[in-house]
Amino acid sequence: MNFGRVLTAMVTPFDQNENIDYGRTERLINHLITNGTDALVVAGTTGESPTLSKEEKLSLLKFVVKTVKGRVPIIAGTGSNNTKESIELTKQAETIGVDGIMLVTPYYNKPSQEGMYQHFKAIANATTLPVMLYNIPSRSVVGMTLDTIVKLSHIENITSIKEASGDLDFMTAIIRETGNDFYLYSGDDSLTLPVLSIGGTGIVSVSSHIIGNEMKDMVQRFLTGDFQTAASIHQYLLPIIKALFMAPNPTAVKEALNLTGVDVGSVRLPLVPLNAEEKQVLEHTLHFLQRYHVS
């Protein structure tokens, strides 16, 4: 399944007591859908999944499904380093009515390639939903090899990968060695245009919370052959993207949303809010965004 071109890895809004704020979540969902988002990834890293309980994840997924009402696909982050728990959460997410699941490479355990293959295969076999693999060695320490990804792509409902290694050569090899019905999404906002140029499908984005329409415009310009304008938009967006990753994600993007009138609250420990200097840099960057628009 192709989930679209610009997928947003949605933050989880909290209230002042660090509980999930469903009023803020509803407003955020509507903001994202009207600002370039083709699909929502819920309860992933950007959604602070490591600090969400299983009950919170299920409650959040139920609310998002109810609020979205089929306007865009919903992909649930159900991966972990515990295969049995991931299977259980995946089955419950499917019952809730999500449209797909995303499975991160098992962190901390440091499984072998065979272990990762069996892990993903077991979860995929437990659901009828399309599965997006998530390869991010900078966070999980281990990464899938090309052979493992290609082997997994032959499983019928493993349909895509969010590739966050930052290695364009590696991504090119994945696209070359997998079928036309297997989709590669960039896991790095700054590589959206380069990944499109090598045959990638799109982006699972954090920055689209703030610059979703601009990113969607860049993608559409590229797809229609207006490469010069697409490159100009990329050049314009890059400093903004860098500012949104000045601190561990999603600290800066949550602050940026709050500064632009989409209140989502703060982050949960062990993450901490931006310091005064970081906030000043972010405010300056957002002021630049408001002043300048690509025509």
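Throughout this description, residue numbers start from 1 for each chain and increase along the sequence as written. Selection of residues for local features in this predicted model requires a pLDDT of at least 70, selection of side-chain atom pairs for listing and counting requires 80 or more, and totals for whole chains, interfaces and linings are taken over all residues. Side-chain measures here rest on the full set of heavy atoms in the structure, leaving out hydrogens and waters.

As recorded in an unreviewed UniProt entry, the chain goes by the name 4-hydroxy-tetrahydrodipicolinate synthase, listed as coming from Aquibacillus koreensis. As stated in UniProt under Subcellular location (unreviewed entry), the record for the chain gives "Cytoplasm". UniProt positions are given in the numbering used here, feature names are shortened, and annotations may be inferred rather than shown by experiment. Under Pathway (unreviewed entry), UniProt gives the following word-for-word description of the chain: "Amino-acid biosynthesis; L-lysine biosynthesis via DAP pathway; (S)-tetrahydrodipicolinate from L-aspartate: step 3/4."

Turning our eyes to something else, we now look at the UniProt feature "site: Part of a proton relay during catalysis" (unreviewed entry) in the chain. UniProt tags T45 and Y108 as "site: Part of a proton relay during catalysis" (unreviewed entry). Of note, T45 is situated in the loop between strand 2 (39-42) and helix 2 (54-68). A relative accessible area of 22% places T45 in the partly exposed class. In what follows, a contact means two residues having at least one pair of non-hydrogen atoms within 4.5 Å. If near-sequence neighbours (up to four positions away) are discounted, T45 is found in contact with Y134, R139 and P250. In this structure, Y108 is in contact with N81 and S140, ignoring residues within four places of it in sequence. Helical segments are the DSSP runs of H or I of at least four residues, strand segments are the runs of E of at least two, and each set is numbered from the N terminus. The classification of residues rests on relative accessible area computed with a 1.4 Å probe and restricted to protein chains. Under 20% of the type maximum is buried, over 50% is exposed, and intermediate values are partly exposed.

This part takes up the nonpolar core. Within the largest apolar cluster, 79 residues are counted, with the highest numbers of intra-cluster contacts made by L40, V42, V64 and I210. For this core, the leading source of residues is helix 10 (residues 227-243), giving 7 residues. When residues no more than four places from it in sequence are discounted, the contact partners of I210 are L244, V253, A256, L257, T260, L286 and L289. Put simply, buried Ala, Val, Leu, Ile, Met, Phe, Trp, Tyr and Cys residues joined by side-chain atoms within 4.5 Å make one nonpolar core. Listed in part, the 14 residues of the second largest apolar core include F3, V104, I136 and A164.

The next subject is the UniProt feature "active site" (unreviewed entry) in the chain. Look at the UniProt record and you will see "active site" (unreviewed entry) annotated at Y134 and K162. In three dimensions, the annotated residues from a span of 29 residues occupy one location, with a maximal C-alpha spread of 4.7 Å. Locating Y134 in the fold gives a position in strand 5 (residues 131-135). Here Y134 falls in the buried class, since its relative accessible area comes to 5%. Not counting the four nearest positions on each side in its chain, Y134 is found in contact with T45, M102, L103, V104, T105, K162 and A164. Of note, K162 is situated in strand 6 (residues 158-163). With relative accessibility at 6%, the residue K162 sits in the buried group. Not counting residues up to four positions away in its chain, the partners in contact with K162 are M102, M132, L133, Y134, N135, Y185, S186, G187 and V204.

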